[in-house]
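Chain by chain, the residues run as shown.
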Amino acid sequence: METVSPELQTLFRPSVQPYMISWLQYDPRQELAELDIPVLILNGTRDIQVPASNAEALHEVKPEAELLIIENMNHVLKEAPAGSDANIATYSNPDLPLADGLVDGIVEFLNE
């Protein structure tokens, strides 16, 4: 894109476009299916950027992977309210703790 609105400049400025375009060649399901290592697929039910259904789709191609869906966790790994504005407000609040179950789930996976 030659012209990017000011609101989107930080994400889509011309200098980062080649990098972002390079992502399009990868299918996460295909890449995951080729891995021969333990895999933890992690998502939250309140992630408004990447829905939990994406994690479930990854798990379908790698059923031996561990799937951890954390109730009420959003994209920045914090518990979030259901409303979009309140959810987004958690993104910039460093005082909020990580979602319950996140650290325990990761530690359990690493200890297996």
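Everything numeric here is computed off the predicted structure, so don't read it as measured data.

A. Main features of the pairing of strand 2 (residues 66-70). Covered by surrounding structure in strand 2 are Glu66, Leu68 and Ile70 only, the residues Leu67 and Ile69 on the alternate face being uncovered. As paired elements, strand 1 (residues 40-44) and strand 2 share five bridges and run parallel to each other. Each bridged residue has a counterpart across the sheet, and for Leu42 the counterpart in strand 2 is Leu68.

B. Seen up close, the layout of surface pockets. Estimates place the volume of the largest pocket at around 240 Å³. Together, 16 residues line the largest pocket, and Leu42, Asn43, Val50, Asn54 and Leu58 are the ones closest to its centre. For the lining of the largest pocket, the elements supplying multiple residues, two or more each, are helix 3 (28-33), strand 1 and helix 4 (52-61). Looking at the lining of the largest pocket residue by residue, the class counts come to nine nonpolar, five polar and two charged.

C. Examining the pattern of salt bridges more closely. The tally for this structure, following the rule as stated, stands at two salt bridges. Residue Asp27 pairs with Arg29 through a salt bridge whose shortest N-O separation is 3.3 Å. Relative accessible area serves as the criterion here: at 26%, Asp27 is assigned to the partly exposed category. Its relative accessible area of 43% is what places Arg29 among the partly exposed residues. Across the salt bridge formed by Glu64 and Lys62, the nearest N and O atoms sit 3.2 Å from each other.

D. The side chain of Asn87, seen in detail. Its place among the elements puts Asn87 in helix 5 (residues 84-89). With relative accessibility at 1%, the residue Asn87 sits in the buried group. In this structure Asn87 touches Arg46, Ile48, Asn74, Ala80 and Pro81, once residues within four positions along its chain are discounted.

E. Structural detail: unusual backbone geometry. The phi angle at Asn72 is positive, at roughly 70°, despite the residue not being glycine. Note on placement: Asn72 falls in the loop between strand 2 and helix 5. Unlike most non-glycine residues, Leu77 shows phi in positive territory, near 70°. Mapped onto the elements of the fold, Leu77 is located in the loop between strand 2 and helix 5.

F. Representation of the packing of aromatic side chains within the structure. In the structure shown here, the tally under the stated rule is one aromatic pair. Taking 5.2 Å as the distance between ring centres and 75° as the angle between the ring planes, the aromatic pair formed by Tyr19 and Trp23 counts as edge-to-face. Residue Tyr19 and its partner Trp23 are located together in helix 2 (residues 17-23), separated by four residues, close to a single helical turn. Residue classification places Tyr19 among the exposed residues on the basis of a relative accessible area of 53%. The exposure class assigned to Trp23 is partly exposed, which follows from its relative accessible area of 46%.

Rules of the game
- Numbering of residues begins from 1 in every chain and follows the order in which that chain's sequence is written.
- Residue-level local features of this predicted model are given only where pLDDT is at least 70; pairs of side-chain atoms are given and counted only at 80 or more, and the full residue set underlies all totals for whole chains, interfaces and linings.
- Computation of side-chain values: all heavy atoms of the structure, hydrogens and water removed.
- Throughout, exposure labels follow a simple rule: accessible area from a 1.4 Å probe, protein chains only, divided by the maximum for the residue type, with under 20% read as buried, over 50% as exposed, and the rest as partly exposed.
- Counting from the N terminus, the helices are DSSP H or I runs at least four residues long and the strands are E runs at least two residues long.
- Strand pairing is assigned whenever DSSP detects at least two bridges linking the two strands.
- Space inside and on the surface of the protein is sampled on a 1 Å grid over the protein atoms alone, with a cavity defined as a set of points where a 1.4 Å probe fits but cannot get out and a pocket as an open set with protein on both sides within 12 Å along at least 5 of 7 lines; lining residues have an atom within 4 Å of a point.
- Grid points are joined across faces, edges and corners, and a volume is the space filled by probe spheres set on the points.
- Throughout, the ten residues Ala, Val, Leu, Ile, Met, Phe, Trp, Tyr, Cys and Pro are labelled nonpolar, Asp, Glu, Lys and Arg are labelled charged, and all others, Gly among them, are labelled polar.
- Counted as salt bridges are all cases of a side-chain nitrogen of Lys or Arg within 4 Å of a carboxyl oxygen of Asp or Glu.
- Note on contacts: a residue pair qualifies if any of its non-hydrogen atoms lie within 4.5 Å across the two residues.
- Here the aromatic set is Phe, Tyr and Trp, taking the six-membered ring for Trp, and pairing holds for ring centres within 6.5 Å; pairs whose planes are under 30 degrees apart are stacked, those over 60 apart are edge-to-face, and all others are tilted.

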